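Residue-level listing of the chains:
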Amino acid sequence: MTTSTPAVPDTATPSGAALTGKRRIAFASFVDENYLPGFLALLRSLALSNPGVCEDFVVLHDDLKPASVARIRALHPRIVLRRVDAGHYDSYVKGDQDNYLVRKAYFILDVFKIRDYDTVITLDTDMVVLGDLGELLKLREGLAAVPQFFYGQHKLNSGLLVIQREYLSDAFCARLDEVGRSGAYELDKHDQGILNAVLDGDFVRLDPRYNFVKRRLSGDLPVPDDTAILHFTGRHKPWQGGEAGYAQAEERWRAFDLGDAAFHAACLAKGGLHHDLLVHFGTPHVRRTSDVEAARRVAAAHIAAGEYQDAVDILSAVRIPLDEAWPHEVLGHALMSVSRYEEAKTQLLMATAAPNRAATAYARLAQIAWVHGDNAEALRYATAGLSVDPTHRSSRLWAQRAAAVPAQEQGAAEDQLAHVAFYMDRQGNAGDKLLPETVRLAFGADTTSRRWHSVHAHRLFDEAALERVNARRGLVIGGGGLFIPDTMPNGNSAWQWNVPDAHLEAIDVPVMVFAVGFNAFDGQSYRARRFNDSLRLLVEKSAFFGLRNHGSIARVRSLLPAALHDKVVFQPCPTTVTRQLLPGWSDPPRREDTVLLNAAYDRAGLRFGHDYGHFLAEIAKAVRAIGAHTEVRCVAHSLDDERIAFDLRREHGISLPVIPMYDFDNDEIRETYARTRLVIGMRGHAGMIPFGVGTPILSLISHPKMAYFLSDIERPEWGISVHERNLGDVLTERALHILDHHSRTVADVHDRQELLWKVTQENAARIRTILRR
């Protein structure tokens, strides 16, 4: 593949994922009624040949009937219809050009008017996809196409274009329009006349297998095995009867000329089917066949996406045989996720009968028991899971939780504040482990049980818990991004605190929501009604409602009635002001000559999209460059974070020492971050914790919360999207600048921290007044 310099500068509007820089990709085709059979085959071929891919598909049209639109939507879950203006190109027409090929050549120019995506891949309706398109999805620069096979390398062949954002611009459209109106181009069935005239050969050359034209198979030659896209150029299309001499090629097309039932069955036979495709095709298949295994797969896909009630619905609609353990286990998982615990236990107990599902089922039973405060039963179930599989990680976790002896409370109830938080396990996420203590420091130096009564957010807030909280001075809710739908799902609130509305309403002590974050990723959603109702009640009940960044404030206010907006205020995460909170804190007299690198892998698809290979290669480039000046080490907040070290070594031959911060206590976490010169982090608290102890940071942005924080401290330049084209060079330049001007940057961190400390002090005064009432 060769590269090309963009023809025009990138002046386009930023994409909808501007906060994270995540690329939005779409396919696009021009479709009319005559070519509808070809387009339907194209959609089927795309799903069957690339089962893990499901991007938006933009359908440009000017005359599609409602029934045709319905058929199109049935074959793809993310269809975007765009009507084009047929009259716009009247002034382009030269002579008698009233045929589909000419109309298509003009109308495809409308794709350059699209402004919603960063990459658009055009496909002709007389194509079928036979192979992996992953290489096309990873392209990031230029305008790519296959050169014409018959007429030389100077011109691109019609049908397939991979268009990047710099071409999806008003400036490039103006150039196309100017050439179109001038008539300074040639248009025939073999080329993209106007586009070729504008580009004049300046495009990225793709391998012919991505647009393998039928004419190359004259004489009934077989289709090469490596063909990714087969293009039925010429007048005679397979759905119109075909053409002599191309029987083997047309046989490949007919493999995708399927009825709905056969197509759905073929899709479900594929491994690695994208969530949206599995749900879109699997749901009607289950309705038609009552296929239990298909229902299980669709339900599992719903669970993975946080769509728990949908998972319950589809599995409840089929009759699961008693000896089918896996569907019972998945249904049990879905039921417990919507807080239908007794029904879930019944399903999970049936699943324990099968050795291959028993450990997971026992672990979920242990979780239900733990959620209800029954440690003895939780330990019994977890032990049963370990007896089936001694290596089962989840069973071991629940056994450790259930066997842990709670610290004896030392203070009187009337002297304590209750504290709802996510209390992390020993080897859990380092940032979440530090948070509860840091929240408490914002209320005073004593963070022990003399002053605090712990309420684990994930345990059911029942009558007994309510009674204990109402015996305290007040209730603090805080310690991380509690507004997230899938960390520990429940049907009572649809966020992390498992609190029924009735028990939330019955709290009669002051409620203070402190530095909570709205942590949904791009592409995640809540069960809207349940979450919105719980959120509204929480805001109404709260004497203080502080969120940790202005981005979270905007998101939460958008879900509330206007009368409640003013109750939602800014309270920075207390980790960002650690130097001010810790009694006797002193900055380190000297720092180690190191840079710490953190990467996060939870919900990797939402973080990286199709760009992980690019991200890893660019990080490798940066690590080599920065490592020539300063030692780079990997810092792992959780076990999964160590993957960056494994992947850099395997893919790029770079070995980094790993700091297992998930094994550290809170003082070790703070001290490690205070001693280094720079932290390059992807996790939110791989930025906020080092910032709080006075260490410069650069954030690898894969989640909106990173951009929110940097916006609050007015330093957006300290963030770089993981999707940045030149990530390695940009990261190296900014890191070396910080290292070369380290004292000045540290002083800037201290200055930015003072802004957050002032807000925290003002809120603390307000909270003291609340607690004295």
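Residues numbered from 1 in each chain as written. Predicted model: local features only at pLDDT ≥ 70, side-chain atom pairs only at ≥ 80, totals over all residues. Heavy atoms only, no water.

If you tally the helices and strands in the protein, you get 30 helices and 23 strands. Against the 2.2 N^0.38 benchmark of 28 Å for 773 residues, the protein shows a C-alpha radius of gyration of 29 Å, consistent with a compact globule. Across its three principal axes, the protein shows a C-alpha extent of roughly 90 × 70 × 55 Å. When the 773 residues of the protein are sorted by exposure, 59% land in the buried category. Long-range pairs, those at least 24 residues apart, make up 73% of the contacts in the protein between residues at least 6 apart in sequence. As displayed, the protein offers around 30,400 Å² of accessible surface, 49% of which is attributable to carbon and sulfur atoms. Side chains of the protein give 89 positive and 97 negative charges; the mean places of these two sets differ by 2 Å. (Helix = DSSP H or I, 4+ residues; strand = E, 2+ residues; numbered from the N terminus. Rg over C-alpha atoms; globule rule 2.2 N^0.38 Å. Buried < 20%, exposed > 50% of the residue type's maximum accessible area, 1.4 Å probe, protein only. Contact = heavy atoms within 4.5 Å. Areas by Shrake-Rupley, 256 points an atom, 1.4 Å probe, with all protein chains shown as cover. Lys, Arg positive; Asp, Glu negative; His and termini not counted. Charge placed at Lys NZ, Arg CZ, Asp CG, Glu CD.)

Compared with an ideal rise of 1.5 Å per residue, which puts 14 residues at 20 Å, helix H1 (residues 36-49) spans 20 Å between its outermost C-alpha atoms and is within 8% of the ideal. Taking burial as the measure, the 14 residues of H1 include 12 buried ones, the bulk of the element. Turning to H1, its buried residues are Leu 36, Gly 38, Phe 39, Leu 40, Ala 41, Leu 42, Leu 43, Arg 44, Ser 45, Leu 46, Ala 47 and Leu 48. (Expected span 1.5 Å × (residues − 1).)

Let's shift gears to the pairing of strand E15 (residues 511-518). Most of E15 is tucked away, with 8 of its 8 residues classed as buried. Looking at chain direction, strand E13 (residues 474-477) and E15 are connected through 3 bridges and run parallel. In the sheet register, Ile 477 faces E15, and the bridge partner there is Val 513. In this structure, strand E14 (residues 480-483) lies alongside E15, joined through 2 bridges in parallel fashion. For Phe 483, the partnering residue across the bridge sits in E15 and is Phe 518. Both E15 and strand E16 (residues 542-547) contribute to a ladder of 5 bridges, which runs parallel. Pairing of Met 512 across the sheet is with Phe 544, part of E16. (Pairing = 2+ DSSP bridges.)

Here we come to the packing of aromatic side chains. The full count for this structure, using the stated rule, is 24 aromatic pairs. Plain terms: the ring middles of Phe 112 and Phe 172 are 5.3 Å apart, the flat faces sit at 50 degrees to each other, and that makes the pair tilted. Here Phe 172 lies in helix H5 (residues 170-182) and Phe 112 lies in the loop between helix H3 (100-107) and strand E4 (119-122), a separation of 60 residues in the sequence. You can call Phe 112 buried: its relative accessible area is 0%. With centroids separated by 6.0 Å and ring planes inclined at 35 degrees, the aromatic side chains of Tyr 612 and Phe 615 adopt a geometry described as tilted. Linking Tyr 612 with Phe 615, this pair stays in helix H24 (residues 612-627), spanning 3 residues, or about one helical turn. We classify Phe 615 as buried; its relative accessible area is 1%. (Phe/Tyr/Trp six-rings, centres within 6.5 Å; stacked < 30°, edge-to-face > 60°.)

On to the sheet that holds strand E9 (residues 212-213). Strand order in the open sheet formed by 3 strands is E5-E10-E9, and the pairing between neighbours is mixed. Each end of this open sheet is capped by a strand with a single partner; those strands are strand E5 (127-129) and E9. As paired strands, E5 and strand E10 (residues 229-231) are joined by 3 bridges and run antiparallel to one another. Among the inter-strand pairings, Met 127 is bridged to a residue of E10, identified as His 231.

As a further point, take the pattern of salt bridges. Within this structure, the stated rule accounts for 41 salt bridges. In this structure, the salt-bridge partner of Arg 140 is Asp 611, at a minimum N-O distance of 2.9 Å. With Arg 140 in the loop between helix H4 (134-138) and strand E6 (143-145) and Asp 611 in the loop between helix H23 (604-608) and H24, this pair connects stretches of sequence that are 471 residues apart. Owing to a relative accessible area of 9%, Arg 140 belongs among the buried residues under this scheme. With relative accessibility at 3%, the residue Asp 611 sits in the buried group. Taken together, the shared-partner salt bridges connect Asp 602, Arg 603, Arg 607, Asp 641 and Arg 683 into one network. (Salt bridge = Lys/Arg side-chain N within 4 Å of Asp/Glu carboxyl O.)

On to the layout of surface pockets, then. Taken as a whole, the second largest pocket encloses approximately 1,500 Å³ of empty space. Looking at the second largest pocket, it is lined by 37 residues, and the ones nearest its centre are Pro 406, Ala 407, Tyr 423, Ser 454 and His 456. At the level of elements, helix H14 (355-371), helix H17 (430-441), strand E12 (452-456) and helix H18 (463-470) are the ones that each hand at least two residues to the lining of the second largest pocket. In terms of residue count, E12 provides more of the lining of the second largest pocket than any other element does, 5 residues in total. Tallied by class, residues from the lining of the second largest pocket come to 16 nonpolar, 10 polar and 11 charged. (1 Å grid on protein atoms, 1.4 Å probe; cavity = no way out; pocket = protein on both sides within 12 Å on 5 of 7 lines; lining within 4 Å. Points joined across faces, edges and corners; volume = space filled by probe spheres on them. Nonpolar A, V, L, I, M, F, W, Y, C, P; charged D, E, K, R; others polar.)

A few words now on helix H28 (residues 704-712). In terms of burial, H28 is a largely internal element, 8 of the 9 residues being buried. Taken residue by residue, H28 has Pro 704, Lys 705, Met 706, Ala 707, Tyr 708, Phe 709, Leu 710 and Asp 712 as its buried positions. Where H28 ends, the next residue or the one after it, Glu 714, has phi of about 60 degrees, a positive value.

Okay, the sheet that holds E4 next. Ordered in space as E3-E2-E1-E4-E7-E6-E8, the 7 strands form an open sheet in which the pairing is mixed. Every other strand in the sheet has two partners, leaving strand E3 (79-83) and strand E8 (204-205) as the edge strands with one partner each. Sheet topology note: the E6/strand E7 (residues 161-164) ladder contains 2 bridges and is antiparallel. Bridging from a neighbouring strand, Ala 144 pairs with Val 162 of E7. H1 rests against strand E1 (25-30) and strand E2 (56-61) of the sheet, and its axis sits at about 170 degrees to E2. (Axes fitted to C-alpha atoms, helices over the stretch in contact; angles between N-to-C directions.)

Below, the discussion takes up the side chain of Ser 638. Summarising the element assignment, Ser 638 is placed in the loop between strand E19 (631-636) and helix H25 (643-652). Here Ser 638 falls in the buried class, since its relative accessible area comes to 12%. Filtering out sequence-adjacent residues up to four positions away, Ser 638 remains in contact with Asn 429, Tyr 662 and Arg 683.

This next bit is on the confidence of the model for the protein. With 92% of its residues at a pLDDT of 70 or more, the protein has an overall mean of 90. For the stretch residues 1-16, pLDDT sits under 50, and the model shows 33 contacts to residues farther than four places along the chain or on other chains. (pLDDT = per-residue confidence, 0-100.)

What follows deals with unusual backbone geometry. Look at Asp 220: it is not a glycine, yet its phi comes out positive at around 60 degrees. Position of Asp 220 relative to the elements: it lies in the loop between E9 and E10. In this structure, Glu 714 takes a positive phi of about 60 degrees despite not being glycine.

A word on the side chain of Glu 166. Structurally, the position occupied by Glu 166 is in the loop between E7 and H5. Looking at Glu 166, its side chain comes within polar contact range of the side chain of Arg 725, at 2.7 Å. (Polar contact = N/O pair within 3.5 Å; in protein donor to acceptor, adjacent residues only side chain to side chain.)

All right, on to the packing of H14 against helix H16 (residues 393-403) then. Taken N-terminus to C-terminus, the directions of H14 and H16 make an angle of 25 degrees; their axes are 9 Å apart at the nearest point. Our classification of the angle between H14 and H16 gives roughly parallel. Where H14 crosses over H16, the handedness of that crossing is left-handed. Counted together, Ala 359, Ala 363, Ala 366, Gln 367 and Trp 370 of H14 and Ser 394, Ser 395, Trp 398 and Arg 401 of H16 form the full contact between these two elements. Its residues placed into classes, the contact of H14 with H16 shows 5 nonpolar, 3 polar and 1 charged. (Parallel < 35°, antiparallel > 145°, perpendicular 65-115°, else oblique. Left-handed = near helix turned anticlockwise from the far one by under 90°.)

As for its position among the elements, Trp 497 is in the loop between E14 and helix H19 (501-505). You can call Trp 497 buried: its relative accessible area is 0%. If we skip the residues at most four places from it in the chain, Trp 497 touches Val 420, Ala 457, Phe 461, Leu 475, Ile 477, Asn 490, Leu 504 and Ile 507.

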